[in-house]
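Understanding the architecture of this molecule
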Amino acid sequence: MPGLIRGVARTAVVAGTATAVSNRVSRRQAGRWAQQDYEQQRQQTAQQAAAPAPAAPAAPPRSTEEDMDNKIEQLKQLGDLKAQGVLTDEEFEAQKRRVLA
């Protein structure tokens, strides 16, 4: 019987040691993987922050006729405001230059 108890005790020690080592290796690997994931996320975040924002789509170009009609309408409105006395001659000229520029 003493040989049986010695064998069981030896098996328990070996199994306990193997379990402890296995757990330590698993924790260590999990820590390394967590560190790698963290580093990858940091790099992706840095790349996204450094990447320029996509440009807004350009407005479709207006036809020159449509643009000219718009300018004429604005000039008429400015003329009406000047005739009503809302705009001075200097203000009218400044606004006219802005519209025609």
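See above for the structure.
Quick look at the structure, then. Everything numeric here is computed off the predicted structure, so don't read it as measured data. (Residues numbered from 1 in each chain as written. Predicted model: local features only at pLDDT ≥ 70, side-chain atom pairs only at ≥ 80, totals over all residues. Heavy atoms only, no water.)

1. Focus: the overall build of the protein
Where we set the bar: Numbering of helices and strands runs from the N terminus; a helix is a DSSP stretch of H or I covering at least four residues, while a strand is a stretch of E covering at least two. Think of it in three bands: residues with accessible area under 20% of the maximum for their type are buried, residues over 50% are exposed, and the middle band is partly exposed, with areas taken using a 1.4 Å probe on protein chains only. Residue burial considers only the protein chains on display, and all accessible areas are found by Shrake-Rupley using a 1.4 Å probe.
Scanning the protein for helices and strands turns up three helices and zero strands. Sequence-ordered secondary structure for the protein, helices as α and strands as β, is α-α-α. Here the protein holds 101 residues, and the buried ones make up 4% of them. Of the accessible surface of the protein, which amounts to about 9000 Å², a share of 57% is contributed by carbon and sulfur atoms.

2. Focus: the pattern of salt bridges
Just so we agree on the cut-off: Throughout this description, the term salt bridge denotes a Lys or Arg side-chain nitrogen within 4 Å of a carboxyl oxygen of Asp or Glu.
Summed over the entire model, instances satisfying the criterion amount to three salt bridges. The closest approach of N and O atoms between Glu39 and Arg42, which form a salt bridge, is 3.4 Å. Linking Glu39 with Arg42, this pair stays in helix H1 (residues 2–50), spanning three residues, or about one helical turn. Looking at Glu39, the relative accessible area reads 28%, which means it is partly exposed. Between Glu93 and Lys96 there is a salt bridge whose closest N-O contact spans 3.4 Å.

3. As for the environment of Lys71
Within the secondary structure, Lys71 is located in helix H2 (residues 64–84). A C-alpha to C-alpha distance of 7.1 Å links Lys71 and Leu100, two positions 29 residues apart in sequence.

4. Focus on a positive patch on the surface
Using the following cut-off: Residues enter patches when they are more than 30% accessible in relative terms and free of salt bridges; like-charged ones are connected within 9 Å and nonpolar ones (Val, Leu, Ile, Met, Phe, Trp, Tyr) within 5 Å. Under the convention used here, Asp and Glu are negative, Lys and Arg are positive, and both His and the chain ends fall outside the count. For the purpose of locating charges, the reference atoms are NZ of Lys, CZ of Arg, CG of Asp and CD of Glu.
A surface patch of like charges, here positive, comprises Arg24, Arg27, Arg28 and Arg32. Examined against the element boundaries, Arg28 turns out to sit in helix H1. Here Arg28 falls in the partly exposed class, since its relative accessible area comes to 44%.

5. What about the packing of aromatic side chains?
What counts here: Here a pair means two rings of Phe, Tyr or Trp (six-membered ring of Trp) with centres within 6.5 Å. Their orientation is stacked below 30 degrees between planes, edge-to-face above 60, and tilted elsewhere. Here, over-ring charges are defined by two tests on the NZ atom of lysine or the CZ atom of arginine: distance to the ring centre within 6 Å, and angle to the ring normal within 35 degrees.
Scanning the model with the defined rule gives zero aromatic pairs in all. Positioned over the ring face of Phe92 is Lys82, at 4.9 Å from the centre of the ring.

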